[in-house]
There are 4 protein chains.
Amino acid sequence: MAGNSLGQVFRIHTFGESHGHSIGVVIDGCPSGLVIDEHFIQSELDRRKPGQSKIVTQRKEADQFEIVSGVFEGITTGTPICILIKNKDQKSKDYSHIKDQFRPSHADYTYTQKYGHRDYRGGGRSSARETAARVAAGAIAKLFLNAQKVAIHAYVSQVGSIALNDNYPISIAEIENNIVRCPNAKLAEEMVQHIQEVKKNGDTIGGKIHCSIIGCPIGIGAPVFDKLHADLGKAMLSINAVKGFEYGSGFDAVTMKGSQHNDLFVADQEGGVSTKSNFSGGIQGGISNGMEIYFNVAFKPVATIMRNQDSINTSGEQVEVSGKGRHDPCVVPRAVPIVEAMAALTLVDHILRARLDNV
Amino acid sequence: MAGNSLGQVFRIHTFGESHGHSIGVVIDGCPSGLVIDEHFIQSELDRRKPGQSKIVTQRKEADQFEIVSGVFEGITTGTPICILIKNKDQKSKDYSHIKDQFRPSHADYTYTQKYGHRDYRGGGRSSARETAARVAAGAIAKLFLNAQKVAIHAYVSQVGSIALNDNYPISIAEIENNIVRCPNAKLAEEMVQHIQEVKKNGDTIGGKIHCSIIGCPIGIGAPVFDKLHADLGKAMLSINAVKGFEYGSGFDAVTMKGSQHNDLFVADQEGGVSTKSNFSGGIQGGISNGMEIYFNVAFKPVATIMRNQDSINTSGEQVEVSGKGRHDPCVVPRAVPIVEAMAALTLVDHILRARLDNV
Amino acid sequence: MAGNSLGQVFRIHTFGESHGHSIGVVIDGCPSGLVIDEHFIQSELDRRKPGQSKIVTQRKEADQFEIVSGVFEGITTGTPICILIKNKDQKSKDYSHIKDQFRPSHADYTYTQKYGHRDYRGGGRSSARETAARVAAGAIAKLFLNAQKVAIHAYVSQVGSIALNDNYPISIAEIENNIVRCPNAKLAEEMVQHIQEVKKNGDTIGGKIHCSIIGCPIGIGAPVFDKLHADLGKAMLSINAVKGFEYGSGFDAVTMKGSQHNDLFVADQEGGVSTKSNFSGGIQGGISNGMEIYFNVAFKPVATIMRNQDSINTSGEQVEVSGKGRHDPCVVPRAVPIVEAMAALTLVDHILRARLDNV
Amino acid sequence: MAGNSLGQVFRIHTFGESHGHSIGVVIDGCPSGLVIDEHFIQSELDRRKPGQSKIVTQRKEADQFEIVSGVFEGITTGTPICILIKNKDQKSKDYSHIKDQFRPSHADYTYTQKYGHRDYRGGGRSSARETAARVAAGAIAKLFLNAQKVAIHAYVSQVGSIALNDNYPISIAEIENNIVRCPNAKLAEEMVQHIQEVKKNGDTIGGKIHCSIIGCPIGIGAPVFDKLHADLGKAMLSINAVKGFEYGSGFDAVTMKGSQHNDLFVADQEGGVSTKSNFSGGIQGGISNGMEIYFNVAFKPVATIMRNQDSINTSGEQVEVSGKGRHDPCVVPRAVPIVEAMAALTLVDHILRARLDNV
């Protein structure tokens, strides 16, 4: 009801504020018998953590995790898995200036209106720090998917106006080779330079992430409200700073004709089925058809800028909020593992749900 | 689990197949004391029903509803409201040709793979006919919202390449004056002509719907997974043929800078708060801020075209599916009330949930 | 939230008032591929229906059902199954006298206080008529269990002070041979006479039902809140007029020692495991152990008696409620199929959930 | 789905194993603005903790808690409240002898059959240690109820054959004055002696707890499946060692006549309504009527006895399990705060849900 849970079978509950004791997650419904690779979980957290490169926030958070429950002798037991990530860098003083002010395009104002009382330190519960808990849970979901040969890869496809297009060949192997997580080294360099320039001006910039899922079995999803793409969409839209989601042909479908857009079925020699085109993005009627699933996620520019801005305070008076703190000039490089985590969580949930389809 | 339910407090469960006995919906959680205007419910169903104009499918379905429970002497009682809509035009013969064939970009193939067994008549459960049940439930949600002075208006903003832009003034009053449901009469005429041309060629075309919500109270939504825009997004993506969702600045945010995109707070003289711009789309941190909420929904071209297409049959053999039946050349005119219904259902659910926020 | 749904995977939503259009149920999550025997469903409804013998209410309701959705060519499709049972005998006049009065130990007063507005005809939503929808859904659950060789048998073990004990041999085959549904013919006769006597006096009498489940697989249930017996208990306590639930040793366990009560494990020659005694009632730690599951359910005497009683009216004034109408002098004979239905629904839900236990 | 969550609005998720890192709970849905009294939470945990008297287990666990999230400056913020209780006394060696053996009437066998893999140390997730997390959450629920003048008192009404009856006057103030938590000092002394005797013999004994709720508002509960007593029953039956639940007249109702059992309404002079008798136990049709709510809970004797018992091992061979360890000879003295906690959690959930009843 309070909206801190996601999933039906593989269900996560996150908790924690940016500058409290810890953030964390309880995963309820992870099947018994999954081998937990703690190094992998840490490596996923490291992909998201602050301070990892010159184009992200310079805050220092080790983001080391502890498994509190649900894993015994390295294997899941079917009981709830609780993971804790302690908050280390709790410079609460940094945030005293926002105690009584509402930062533009942040959640300060709406939280205060909704709850009356809020933990204002570092955005409290509305901080993107909460996504570390998602990445930890997502890493466990990925371990489940790995065993089933399902692979998820997200990458940055656009930063401001610098966008991948047909002129830039894509290599999945390249993604983690550059700090912006773009699958083309040359374009990555342009993106990095653009982000640095934006940062120098005390500003921030939006971006776009593309995500691809290979190896999803046929028949995953649900027909009506819990269509696979609807649940993927919700998962993505629940990530801080996301403004849009499209899958398959997406917004381009608006200008297309049915005769162009229809994906014709082809039977291959081994009895398998594929489609000539894949405007469906691997999902038809909300259910996977065995083709690649792919989608795009739009991120707005980070709201914290290093400039003074007009705003109001908690007394409703006009004030000037000063630009301070250590924040990302562009959110997409660190959002890549978050997008993957949310995709993995959604997919595992639906893969498990599909066990219930038939007598 | 099986995904035929939506909402947490104001929760709907739809049921029924296109060519079965009836389709319908159970609404559980509608508060007691709501006056039910049956004429309004019928008028909403009439906006969605087939055969309403020359640019939509010519199937005949009266879409008359019956309230089976939950309403006594014209007022809701707090018990589940079941609404039935009988299927009248059950020409099952029309569909015998698709019994053993999978139509391209339909759900025939994925349903069969998932469930083994399907009601193939008219798409069965995957038919957009299911959305009539949503519109009926959405009408009750709208009655709730009306009493709270919350207004929802959706309209067609694009058909193929014909799109609203700053050159076309918009009038909410115009929307229902034309058969395409575009808020500009001149552009509406162009859209109608384009749809007719596409239809003549046995083809279909995509489109886009814009939706606006005025009067939503501040503080509606939830901070983490159930962000208001995430639940709106899921609701929209669960509509047949939807390929993308964006709210506020949407995909345009990708190319924007923080200094442009931030919505500065302004205190007005009555103690109210507004923002200078509204790239946030009325939602900050997943919670409404009192400004207009708005979003766009992308629809693909309808998959049923009046042309023969390559496909496969249930035995995995290559076949040619013939183009038959009575279908919409463009889905957006009839999708306008569906978008509104899904927005209304999502909003009522969150408005009720907000009663639980404070001690 | 409004509490008209039960189950997690095999999930039912009931709707309808006693004297409205229909009562019914939507089952969401019934797996695809289940063969539906409509004669069996009707036979279960017939076991519950009024007017079936001289010791139950003489109201006439045919309780004929219609399957509205989810079944195609006699087989479930995995989509929601809606079942409707029309209300035939809507003698609303009979109930006009209770429009403004609160009958003692009925739900009239609490409903009115909770919802402000109620359908007073025949108890509206609080009528035991709602259980017909449960029996219809339970019949489908039983069809699922039958295919898995799980058998559920409930019977009347006590009416007033007339109780089964070791002097009365029990025969499952006898249960449906007598109108009180007692597994001993001689005691059944005593119970029938007692109920008739009570009825002659315009009074009603309580009773007890015993239920046994044979063939439940090992490992069904859940460890913490959703213990199998906790969910069985909730299901039973949700039946009208139920006042208590105990499983295995039940309330007798209070006076027992651990050395008596512990069920010692025995390995049999085929590698199977059983226990010497079965005070656990087939459930240990909330999870089935393969032994017989059994429990008792206590029912209060029906609140409607043929005598005048002191009460209050909706204006808070003291009034005399007159004893009228056609009601059961003892609820247990007709409650036997309801207990079985609720047990079947709970069990199928947990059997399906167990598919999610392991990687 | 995995059953580690309880409640709809005020919803708890527990996690943790007896000998793991910690046990804990996440409460999602606690309204914002509740003042948290940490001393009270600790005092509730102290009522449940081991080692508190000579008649309970002599294990040492301080059961000190930490609030990880959701509380800022002593007040709830509306975000999830995570509470951790570290496991101190992790003598894992003590349990090595049960690694490969199934203790009679424990959950060892059923967990292993269900999940394949289990944390056998101290019962792992099936240990009653999990209930400390419930008591912590229940303490927060009680703080909410206190503010609404709702009082919950549970006490031991029976140990073995020593039972409260009309000869023993009851005093709520006495409950915490004696180590067995019986509201009559004289009977308490008898109970203590009986428990000590049972313990000396290496045996254990069952018991019964009575719980009373005063001040519950009218209109709390739900009409069909989530009847207030059904949810109370499930909550109680989910506590380790519980075998039965009855409310109001309970199993005594079986032998009663309607004319005796009906609670006649009485209008008092202030416009309030009460009933002459209260066999309904304060709940009619699943909804509270403003009278005292009361119920009984039956507990079996603890399965761990200090005697050798026949059993089997994980290879299916017959073995003798030796009686070892530090366990309660009778569970009810420490179960009193657990019963209260589960009642409080259920009640707060329904009190919040009642905010959704009316337009």
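Residues numbered from 1 in each chain as written. Chains lettered and ligands numbered in written order. Predicted model: local features only at pLDDT ≥ 70, side-chain atom pairs only at ≥ 80, totals over all residues. Heavy atoms only, no water.

## Describing the overall build of chain A
Test applied: The helix count covers DSSP runs of H or I at least four residues long, the strand count covers runs of E at least two residues long, and both are numbered beginning at the N terminus. C-alpha atoms define the radius of gyration, and 2.2 Å times the number of residues to the power 0.38 defines the globule rule. Contact between two residues is taken to exist if any of their heavy atoms lie within 4.5 Å; hydrogens are not considered. The protein chains shown are the only cover counted for residues, whose accessible areas, like all others here, come from Shrake-Rupley with a 1.4 Å probe. Positive charges are assigned to Lys and Arg, negative charges to Asp and Glu, while His and the chain termini are left out of the count. Where a charge sits is defined by one atom per residue type, namely NZ (Lys), CZ (Arg), CG (Asp) or CD (Glu).
Along chain A, the regular secondary structure elements total seven helices and 19 strands. Scaling as 2.2 N^0.38, a compact globule of 359 residues should have a C-alpha radius of gyration of about 21 Å, and chain A matches this with 21 Å. For chain A, the share of sequence-separated contacts (at least 6 apart) that also reach a separation of at least 24 residues comes to 68%. As displayed, chain A offers around 11,200 Å² of accessible surface, 47% of which is attributable to carbon and sulfur atoms. Put simply, chain A has 38 plus and 38 minus side-chain charges, and the middle of one group is 5 Å from the middle of the other.

## Considering the environment of Thr275(D)
Put simply, the rule reads: Any N or O atom pair separated by 3.5 Å or less is treated as a polar contact, with the protein-specific requirement of one donor-capable and one acceptor-capable atom, and with residues adjacent in sequence counted only for side-chain atom pairs.
Among the structural elements, Thr275(D) can be located in strand S14 (residues 273-275). Within the local environment of Thr275(D), its side chain forms a polar contact with the backbone oxygen of Ser277(D), the two atoms lying 2.6 Å apart.

## Focus on the relation of the copies chain D and chain B
The relation between the two copies of this chain is a rotation about an axis and a shift parallel to it. For clarity, the cut-off: Least squares is the method for superposing the copies, and the C-alpha atoms it fits come from residues with pLDDT of at least 70 in both.
The two copies are related by a screw motion: chain D maps onto chain B through a turn of 180 degrees and a shift of 0.0 Å along the axis, at an RMSD of 0.0 Å. With respect to symmetry, the two chain copies, as superposed, fit the operation of a two-fold axis. Residue Arg355(D), judged by its C-alpha, is the member of chain D lying nearest the rotation axis, at 3.4 Å.

## Considerations on the packing of aromatic side chains
The condition that has to hold: Ring geometry is summarised as follows: Phe, Tyr and Trp rings, the Trp one being its six-membered ring, pair when their centres sit within 6.5 Å, and such pairs are stacked at plane angles under 30 degrees, edge-to-face over 60 and tilted between the two. Relative accessibility under 20% of the residue-type maximum defines a buried residue, over 50% an exposed one, and the middle range a partly exposed one, all with a 1.4 Å probe and only protein chains included. Put simply, a charge is over a ring when the Lys NZ or the Arg CZ is close to the ring centre, within 6 Å, and near the line of the ring normal, within 35 degrees.
In total, this model carries 22 aromatic pairs over all chains according to the counting rule given. Note on Phe102(A) and Tyr109(A): the rings are 5.4 Å apart at their centroids and 75 degrees apart in plane angle, and the pair reads as edge-to-face. This pair shows no difference in class: Phe102(A) is buried, exactly as Tyr109(A) is. Here a set of aromatic residues connected by ring pairs shows up, and it is made of Phe102(A), Tyr109(A) and Phe265(B). A cation over a ring is seen here: Lys243(C) above Tyr247(D), with NZ or CZ 3.9 Å from the ring centre.

## Here we look at the packing of helix H1 (residues 38-48) of chain C against helix H7 (residues 332-353) of chain C
All names here are of chain C. Our working definition: As a rule, the C-alpha atoms of each element are fitted with a line to give its axis, helices using only the stretch in contact, and angles between N-to-C directions run from 0 to 180 degrees. These descriptions rest on fixed angle ranges, namely under 35 degrees for roughly parallel, over 145 for roughly antiparallel, 65 to 115 for roughly perpendicular, and the rest for oblique.
Two elements in contact, H1 and H7, have axes separated by 7 Å at closest approach and are oriented at 135 degrees. Between H1 and H7, the angle falls in the class oblique. Judged by residue contacts, Glu 44, Arg 47 and Arg 48 of H1 engage Arg 334, Val 336, Pro 337, Ile 338 and Glu 340 from H7.

## Details of helix H2 (residues 108-115) of chain C
Most of H2(C) sits out of view: seven of its eight residues are buried. If you check which residues of H2(C) are buried, you get Asp108(C), Tyr109(C), Thr110(C), Tyr111(C), Thr112(C), Lys114(C) and Tyr115(C). Structurally, H2(C) contributes buried residues whose contacts are with strand S8 (101-102) and strand S18 (309-313) of chain C together with strand S13 (265-267), S14, strand S15 (283-284) and strand S16 (287-288) of chain D. Phi for Gly116(C), located one or two positions after H2(C), is positive at around 80 degrees.

## Describing the layout of surface pockets
Operational definition: A 1.4 Å probe that fits into a set of points on a 1 Å grid over the protein atoms alone but cannot get out defines a cavity; an open set with protein on both sides within 12 Å along at least five of seven lines defines a pocket, and lining residues are those with an atom within 4 Å of a point. Grid points are joined across faces, edges and corners, and a volume is the space filled by probe spheres set on the points. Amino acids outside the nonpolar list (Ala, Val, Leu, Ile, Met, Phe, Trp, Tyr, Cys, Pro) and the charged list (Asp, Glu, Lys, Arg) are all regarded as polar, and Gly is one of them.
Considered as a void within the structure, the largest pocket measures approximately 1,100 Å³ in volume. Glu246(C), Phe251(C), Asp252(C), Glu246(D) and Phe251(D) are the residues nearest the centre of the largest pocket, which is lined by 42 residues in total. By residue class, the composition of the lining of the largest pocket is 18 nonpolar, 16 polar and eight charged. One number sums up the size of the second largest pocket: a volume of about 830 Å³. Around the second largest pocket, the lining comprises 36 residues; the ones closest to its centre are Lys208(B), His210(B), Glu246(B), Asp252(B) and Asn296(B). Elements that contribute at least two residues to the lining of the second largest pocket include exactly strand S17 (293-299) of chain A together with strand S9 (151-159), strand S11 (207-214) and strand S17 (293-299) of chain B.

## Quick look at the relation of the copies chain A and chain B
Structural alignment of chain A on chain B gives an RMSD of 0.0 Å, achieved by rotating through 180 degrees and translating 0.0 Å along the axis. Most of the interface of chain A is mirrored in chain B, where 100% of its interface residues are also at the interface.

## Brief notes about the sheet that holds strand S12 (residues 242-247) of chain D
Quick note on the threshold: For two strands to count as paired, DSSP must find a minimum of two bridges between them.
With respect to topology, ten strands assemble into an open sheet ordered S10(C)-S9(C)-S11(C)-S17(C)-S12(C)-S12(D)-S17(D)-S11(D)-S9(D)-S10(D), the strand pairing being antiparallel. Of all the strands in the sheet, just strand S10 (162-163) of chain C together with strand S10 (162-163) of chain D have a single pairing partner and so form its edges. Here five bridges tie strand S12 (residues 242-247) of chain C to strand S17 (residues 293-299) of chain C, and the two strands are oriented antiparallel to one another. If you follow Val242(C) over to S17(C), its bridge partner there is Phe299(C). In the packing of helix H4 (residues 185-200) of chain D onto the sheet, the strands contacted are strand S9 (151-159) and S10 of chain D, and the crossing angle to S9(D) comes to about 55 degrees. Sitting on the sheet, helix H5 (residues 228-237) of chain D is in contact with S12 of chain C together with S12 and strand S17 (293-299) of chain D, with an inclination near 160 degrees to S12(D).

## Details of the interface of chain D and chain B
Put simply, the rule is: Here the quantity called buried area is the accessible surface, traced with a 1.4 Å probe, that two parts lose on coming together, added over both. Salt bridge, as used here: a side-chain nitrogen of Lys or Arg that lies within 4 Å of a carboxyl oxygen of Asp or Glu.
In this complex, chain D contributes twelve residues to the contact, which on the side of chain B involves twelve residues. Around 1,200 Å² of area is buried between chain D and chain B when both sides are counted, 64% of it from carbon and sulfur atoms. Among the residues chain D hides against chain B, the three largest losses belong to Arg355(D), Leu356(D) and Val359(D). Together they make up 51% of the total. At the boundary of chain D and chain B, one finds zero salt bridges. Remark: the boundary between chain D and chain B carries seven residue pairs in polar contact (both at pLDDT 80 or more). Class assignment for the residues of the side of chain D that touches chain B results in seven nonpolar, three polar and two charged.

## A word on the interface of chain A and chain B
Taken residue by residue, the interface counts 108 residues in chain A and 108 residues in chain B. Regarding the contact of chain A and chain B, the summed buried area is about 8,300 Å², with carbon and sulfur atoms giving 60% of it. Counting across the chain A and chain B interface gives eight salt bridges. In this structure, Lys234(A) engages Asp226(B) in a salt bridge whose closest nitrogen and oxygen atoms are separated by 2.7 Å. Applying the counting rule to chain A against chain B returns 45 residue pairs in polar contact (both at pLDDT 80 or more). Counted by class, the side of chain A that touches chain B contains 45 nonpolar, 42 polar and 21 charged residues.

## Let's talk about the nonpolar core
Our working rule: Among the buried residues, those of types Ala, Val, Leu, Ile, Met, Phe, Trp, Tyr and Cys that are joined through side-chain atoms within 4.5 Å form a nonpolar core.
Membership of the largest hydrophobic core comes to 362 residues, with the highest contact counts inside it found for Phe295(A), Phe295(B), Phe295(C) and Phe295(D). In this structure, Phe295(C) is in contact with Ile209(C), His210(C), Cys211(C), Ile213(C), Leu232(C), Met236(C), Phe245(C), Glu246(C), Tyr247(C), Val339(C) and Ala343(C), ignoring residues within four places of it in sequence.

## Some words on the packing of helix H3 (residues 131-146) of chain C against H7(C)
Residue and element names in this part refer to chain C. Condition: With the far helix as reference, a near helix turned anticlockwise by less than a right angle produces a left-handed crossing, and one turned clockwise produces a right-handed crossing.
Relative to each other, H3 and H7 sit at 50 degrees, their axes nearing to 8 Å. Between H3 and H7, the angle is such that the two are oblique. By crossing handedness, the relation of H3 to H7 is classed as left-handed. Contacts between H3 and H7 pair Thr 131, Arg 134, Val 135, Ala 137, Gly 138, Ala 141, Lys 142, Phe 144 and Leu 145 from the former with Pro 337, Ile 338, Glu 340, Ala 341, Met 342, Ala 344, Leu 345, Leu 347, Val 348, Ile 351 and Leu 352 from the latter. In the contact of H3 with H7, the residues fall into 15 nonpolar, two polar and three charged.

## With respect to the sheet that holds S18(C)
Strand order in this open sheet of three strands is S8-S18-S19 (chain C), and the pairing throughout is antiparallel. On the outer flanks of this sheet lie S8 and strand S19 (318-321) of chain C, each paired with one strand and no other.

## Quick word on unusual backbone geometry
Positive phi is not limited to glycine here, since Asp63(B) has a value of about 50 degrees. Here Asp63(B) is to be found in the loop between helix H1 (38-48) and strand S4 (65-67). One non-glycine residue, Ser105(D), lies in the positive phi region at around 60 degrees. Within the element layout of this structure, Ser105(D) appears in the loop between strand S8 (101-102) and helix H2 (108-115). Among the residues examined, Ser105(D) registers a relative accessible area of 6% and is labelled buried.

## Considering the confidence of the model for chain A
Spelled out, the test is: For every residue, the predictor states its confidence as a pLDDT score lying anywhere from 0 to 100.
Per-residue confidence for chain A gives a mean pLDDT of 95, with 98% of residues at or over 70. Across the predicted assembly, pTM comes out at 0.98 and ipTM at 0.97.

## Looking at the pattern of salt bridges
Enumeration over the complete set of coordinates arrives at 99 salt bridges over all chains. We note a salt bridge from Lys142(C) to Glu340(C), for which the minimum N-O separation is 2.5 Å. Remark: Glu340(C) occurs in helix H7 and Lys142(C) occurs in helix H3; sequence separation between them is 198 residues. A relative accessible area of 8% means that Lys142(C) is categorised as buried. One network of salt bridges, with partners in common, ties together Glu44(A), Arg47(A), Lys142(A), Glu176(A), Arg181(A) and Glu340(A).

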